[in-house]
Amino acid sequence: MTSSFSRILIMGNSLDSAVIESVAAVVEYLSKKDGDQITNIWIDEEISDQLRASKVEVNHTRSKNSEFIKDVDLVIAVGGDGTVLSAARRASNHKVPVLGINRGRLGFLADIRPEDIHSSLDDVLAGNFSSEKRMLLKAEIIQNKQIVSNGIALNDVVIKRRETARTLEYRTFVNDLYVNTHSGDGCIAATPTGSTAYALSVGGPIVQPEMDAIVLAPICPHTLTDRPIVVPGTSETKIELIENHGSPADISADGELIGTLSAGDKLKIFVAEQRIELIHPPGYDYYSVLRSKLYWGRDTRRRLPPQE
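Note that this is a predicted model, so its numbers are computed, not measured.

Asks: Outline the overall build of the protein chain, supporting the account with residue identities and numerical values.
Replies: Regarding its fold elements, the protein chain presents six helices and 19 strands. Out of the 308 residues in the protein chain, the part that is buried amounts to 49%. Across the protein chain, the fraction of contacts at a sequence separation of at least 24, relative to all contacts at a separation of at least 6, is 68%. A total of about 15,600 Å² of accessible surface is found on the protein chain, and carbon and sulfur atoms cover 46% of it.

Rendered as structure tokens:
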């Protein structure tokens with residue numbers, strides 16, 4: 001059995017030499033299959049320029065901007081998890097699956113190692129892979145009952161104080177039911193995918209990706225009783241600043257700023273209609289990823305010198 005991935009777009013950070021090296025390996029591999037399994041290969045224009053500067057053969061590729069993502073069957077994201085997040089947001093509207101090759105540090109989402117590029121691509125193109133659809137969040141900033149900005153996130157939507165010397169005071173509502181009034185540095189709304197990202201660092205739980213849930217985690221709350229909470233994926237969360245709060249807050253989706261929130265504005269967060277499909281090579285195991293990245297099962301205790 002072979003896959004239906006005949007038109008492929010390669011994305012990555014053109015400023016990272018390690019990424020360019022792996023992109024070159026992917027291009028070389030796919031170009032050998034051009035006209036057989038692979039009919040079209042697209043590369044982000046900036047990466048294509050870097051390949052030419054490195055004297056890598058790109059004659060078998062057609063360099064296009066990533067806005068042509070709607071014309072492809074598969075996106076290969078080369079880099080860290082941030083690259084996969086960016087690719088996923090762009091691919092989600094066109095229902096294009098994403099395959100990640102890790103040239104970053106963590107690799108929760110980009111799970112193919114550079115040394116496994118050829119074997120993993122062999123498996124994927126032969127139809128030997130697993131896939132899963134991950135939840136996305138949509139955030140809407142509302143001013144005077146009008147949506148003035150919105151964004152999509154695979155990991156998380158974050159509301160964070162802009163001025164470092166001030167706390168952020170805000171209220172949260174779930175399905176229009178008042179939850180709490182908070183004081184601190186901000187709040188994270190995370191998907192199960194994002195539960196191992198920023199939300200984990202503020203004490204949030206790890207949520208298995210298949211679950212339909214949203215983590216609401218306060219950032220540096222000014223009371224120890226303000227704890228993370230998990231709400232159903234069917235719910236809608238609203239966050240609004242306290243009326244007398246003079247400083248605006250920044251709103252980001254997967255680390256990209258989408259707007260600001262001022263007193264009287266509302267931030268609505270809910271599960272997006274679309275989902276993103278992630279492709280994994282054979283042998284993918286979510287719990288193995290957790291053990292590897294979080295160092296589970298290892299003796300991290302300091303070795304004491306033998307007593308005399």
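Asks: Give me the nonpolar core: which residues, what numbers.
Replies: In this structure, Ile10, Leu30 and Ile76 are the most contacted members of the largest nonpolar core, which totals 27 residues. Those elements that provide at least two residues to this core are strand S1 (7-12), helix H1 (17-32), strand S2 (40-43), helix H2 (45-53), strand S4 (74-79), strand S5 (98-102) and helix H4 (117-125). Setting aside its immediate chain neighbours within four residues, Ile10 contacts Val23, Val26, Val27, Leu30, Ile41, Trp42, Ile43, Asp44, Ile76 and Val78. Membership of the second largest hydrophobic core comes to 25 residues, among which are Leu168, Ala189, Leu216 and Ala249.

Asks: For the environment of Asp44, give the residues involved together with the corresponding values.
Replies: Residue placement: Asp44 occurs in the loop between S2 and H2. For the pair Asp44 and Asn13, spaced 31 residues apart in sequence, the C-alpha to C-alpha distance is 9.4 Å.

Asks: Hey, could you go over H4 for me, with residue numbers and the actual values?
Replies: Of all the positions in H4, only Ile117, Ser120, Leu121, Val124 and Leu125 are classed as buried. Viewed along the axis of H4, the buried residues span an arc of 125°, placing them on a single side of the element. Lining the buried residues of H4 we find S1, H1, S4, S5 and strand S19 (276-280). Of the residues flanking the end of H4, it is Gly127, one or two places downstream, whose phi is positive at about 85°.

Asks: Go over the packing of aromatic side chains with me, naming the residues and quoting the values.
Replies: A full pass over the atoms with the stated rule returns three aromatic pairs. Aromatic side chains Phe5 and Phe129 sit 5.5 Å apart centroid to centroid with 35° between the ring planes, which places their arrangement in the tilted category. Here Phe5, found in the segment before S1, pairs with Phe129, found in the loop between H4 and strand S6 (130-134); they are 124 residues apart in sequence, far enough to count as distant. Judged by its relative accessible area of 8%, Phe5 is buried. With relative accessibility at 26%, the residue Phe129 sits in the partly exposed group.

Asks: Explain the sheet that holds strand S13 (residues 213-219) residue by residue, including any values.
Replies: Strand order in this open sheet of six strands is S14-S13-S12-S9-S16-S17, and the pairing throughout is antiparallel. Whereas interior strands pair on both sides, the edge strands pair on one side only; in this sheet they are strand S14 (229-232) and strand S17 (256-261). Averaged over all neighbouring strand pairs, the angle between strand axes comes to 20°, with direction disregarded. As paired elements, strand S9 (residues 156-161) and strand S16 (residues 249-253) share five bridges and run antiparallel to each other. In the sheet register, Val157 faces S16, and the bridge partner there is Ala253.

Asks: I'd like to hear about H1, residue by residue, with values.
Replies: For H1, spanning 16 residues, the distance from its first C-alpha to its last is 23 Å, which sits close to the expected 22 Å at 1.5 Å a residue. Within H1, the full set of buried residues consists of Ala18, Val19, Ile20, Ser22, Val23, Ala24, Val26, Val27, Tyr29, Leu30 and Ser31. Taking the backbone nitrogen of Ala18 as reference, a side-chain oxygen 2.9 Å away marks Asp16 as the first, capping residue of H1.

Asks: Can you lay out the side chain of Glu240 for me, pointing to particular residues and giving the numbers?
Replies: Mapped onto the elements, Glu240 comes out in strand S15 (residues 237-241). In contact with Glu240, not counting residues within four places along its chain, are Tyr170, Arg171, Phe173, Asp265 and Lys266.

Asks: Quick one: what's the story with the packing of H1 against H4, residue by residue and with numbers?
Replies: Running from N to C, H1 and H4 cross one another at 45°; their axes reach a closest spacing of 10 Å. Taken together, H1 and H4 sit at an angle that is classed as oblique. For H1 against H4, the interelement crossing comes out right-handed. Contacts from Ser22, Ala25, Val26, Tyr29 and Leu30 of H1 reach H4 at Ile117, His118, Leu121, Asp122 and Leu125. Here the contact of H1 with H4 is composed, by residue class, of seven nonpolar, two polar and one charged.

Asks: Tell me about the side chain of Ser195, and please be specific about residues and values.
Replies: The topology assignment puts Ser195 in the loop between strand S12 (186-190) and helix H5 (198-201). In terms of polar contacts, Ser195 uses its side chain to reach the backbone carbonyl oxygen of Pro192, at 2.7 Å.

The rules behind the values
Residues numbered from 1 in each chain as written. Predicted model: local features only at pLDDT ≥ 70, side-chain atom pairs only at ≥ 80, totals over all residues. Heavy atoms only, no water. Helix = DSSP H or I, 4+ residues; strand = E, 2+ residues; numbered from the N terminus. Buried < 20%, exposed > 50% of the residue type's maximum accessible area, 1.4 Å probe, protein only. Contact = heavy atoms within 4.5 Å. Areas by Shrake-Rupley, 256 points an atom, 1.4 Å probe, with all protein chains shown as cover. Core = buried A, V, L, I, M, F, W, Y, C linked by side-chain atoms within 4.5 Å. Arc of directions from axis to C-beta. Phe/Tyr/Trp six-rings, centres within 6.5 Å; stacked < 30°, edge-to-face > 60°. Pairing = 2+ DSSP bridges. Axes fitted to C-alpha atoms, helices over the stretch in contact; angles between N-to-C directions. Expected span 1.5 Å × (residues − 1). Polar contact = N/O pair within 3.5 Å; in protein donor to acceptor, adjacent residues only side chain to side chain. Parallel < 35°, antiparallel > 145°, perpendicular 65-115°, else oblique. Left-handed = near helix turned anticlockwise from the far one by under 90°. Nonpolar A, V, L, I, M, F, W, Y, C, P; charged D, E, K, R; others polar.

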